[in-house]
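What follows is each chain in one-letter form.
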Amino acid sequence: MNNDEVYDITIIGGGPAGMFAGFYAGLRNAKTQIIESLAELGGQVATLYPEKTILDVAGYPQIKGRELIAQLEQQLQTVATEVKLNTTVQNIKQVGDAFEVITNNGMTVSKSIIIATGVGAFNPRKLAVDNSDEFEGTNLFYSVKDLDHFKNRTVLVAGGGDAAIDEALLIESVAKQVYLLHRRDKFRAMEHSVDLLTESTVETVTPYLISELASEGDQVKITAKKMKSDEEMSMVVDDIVVNYGFIAQDDALSGWEVHPEGSRGKIHSGVSGITNIKNVFTIGDVADYETKQALIATGFGEAPLAVNEAMRSIYPDRRGPVHSTSIKR
Ligand SMILES: Cc1cc2nc3c(=O)[nH]c(=O)nc-3n(C[C@H](O)[C@H](O)[C@H](O)COP(=O)(O)OP(=O)(O)OC[C@H]3O[C@@H](n4cnc5c(N)ncnc54)[C@H](O)[C@@H]3O)c2cc1C
């Protein structure tokens, strides 16, 4: 095989961590490919919360998910890293010092692998009400893809975590009235979010759990049961947005011939994303070590470490980087 056809680095997963690693690998002149199973880059940010305002990415006091991914794409386009969309890695095999990366669109060879598969393929945890499918896409949503849809409407958000509160506050900016329904009296969210909720016009409905949905013209009638009681209440709203978290199909990696150690869909990693397999690294939500926090900023920090470690391992004679722009001392 011509050595030009062999990638230095293959990044599996084009979420924020994989995208930034792809850019950084380009700065190192590494022949790099990013393989992403979805039709677009951006991982959880692009798929699950493009309209959310993100507050904890360095350099941006606030930025919408969609905008952050657009900025990452722009940055990625400044380097030669190849992006392969609609392509799922199905297996990795060790062949001598290199790896065969087997996808639904064929096979490539790579000297190193950076696994950035995040939480794996993910789907929202659905509302456990028999006829909920009938309302999905018209009055019932599992993420906010188009904020304009909620303009001047009455919306009930269900859920009690940070993401549910963020969604309620986001919709409040355009809706007529927002209700936040949660099965507990207390919200499981950051103090800052709870403060914003208290100051907002969002009305909380607790401790209730949705038990029935029924059509009421173009609207939907919600019946909810009070927890630990026989009491019921009902209300009619234009839309329901459910945020009960996501169920990730995180066991795909365990079927690969080369799969680093880990448990429950996470890969154990050391400093610089090092796994128990030489030249296989991991970054982002899938990488697991003590004190790990699954945040965009964490993945951004891990990406250059793994890329530099991969380059140091496959090209031990090359000088490592100091900065992307050199500073003379
Ligand atoms: C609702 C919600 C709100 C959040 N808000 C914030 C926030 O405000 N701030 C913050 O810092 N973090 C937030 N997070 C967490 C943040 O989104 C994640 O930490 C981040 O997306 C992790 O990036 P990643 O690149 O590691 O993985 P992901 O974003 O999960 O991307 C992984 C990608 O890998 C792809 N993939 C998986 N398996 C394969 C395969 N076999 N072959 C090819 N491709 C594959 C997937 O399709 C996906 O696109 C939030 C998460 C959620 C769900």
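Preceding this paragraph is the structure being described.
Right, let's walk through the structure included here. Source: prediction; values computed, not measured.

### Some details on helix H3 (residues 65-76)
No. 1: The terminal C-alpha atoms of H3, which comprises twelve residues, lie 17 Å apart, in line with the 16 Å expected from a rise of 1.5 Å per residue.
No. 2: Taken together, the buried positions of H3 are Gly65, Leu68, Ile69, Leu72 and Leu76. Taken around the axis of H3, the buried residues stretch over an arc of 95°, which confines them to a single face.

### So, the packing of aromatic side chains
For any pair of aromatic rings, the description rests on two quantities: the centre-to-centre distance and the angle between the ring planes.
No. 1: All told, the structure shown has three aromatic pairs when counted by the stated rule.
No. 2: Members of the aromatic cluster, connected to one another through ring pairs, are Phe20, Phe23 and Phe300.
No. 3: A cation sits over an aromatic face here: Lys52 above Tyr49, 5.3 Å from the ring centre.

### What about the site of the ligand?
No. 1: Around the ligand, 35 residues are found, and the nearest of them are Glu36, Gln44, Tyr49, Lys52 and Asp285.
No. 2: One of the backbone N or O atoms of Ala17 is found 3.0 Å from an oxygen atom in the ligand.
No. 3: The contact in question runs from a nitrogen atom of the ligand to an N or O atom on the side chain of Asp56, over 2.8 Å.
No. 4: Elements that contribute at least two residues to the shell around the ligand include exactly helix H1 (16-27) and helix H2 (43-48).
No. 5: Sorting elements by how many residues they give to the shell around the ligand places H2 first, with four residues.
No. 6: Looking at side-chain class alone, the shell around the ligand contains 19 nonpolar, twelve polar and four charged residues.

Parameters at a glance
- Residues numbered from 1 in each chain as written.
- Predicted model: local features only at pLDDT ≥ 70, side-chain atom pairs only at ≥ 80, totals over all residues.
- Heavy atoms only, no water.
- Helix = DSSP H or I, 4+ residues; strand = E, 2+ residues; numbered from the N terminus.
- Expected span 1.5 Å × (residues − 1).
- Buried < 20%, exposed > 50% of the residue type's maximum accessible area, 1.4 Å probe, protein only.
- Arc of directions from axis to C-beta.
- Phe/Tyr/Trp six-rings, centres within 6.5 Å; stacked < 30°, edge-to-face > 60°.
- Lys NZ or Arg CZ within 6 Å of the ring centre and 35° of its normal.
- Near = heavy atom within 4 Å.
- Polar contact = N/O pair within 3.5 Å; in protein donor to acceptor, adjacent residues only side chain to side chain.
- Nonpolar A, V, L, I, M, F, W, Y, C, P; charged D, E, K, R; others polar.

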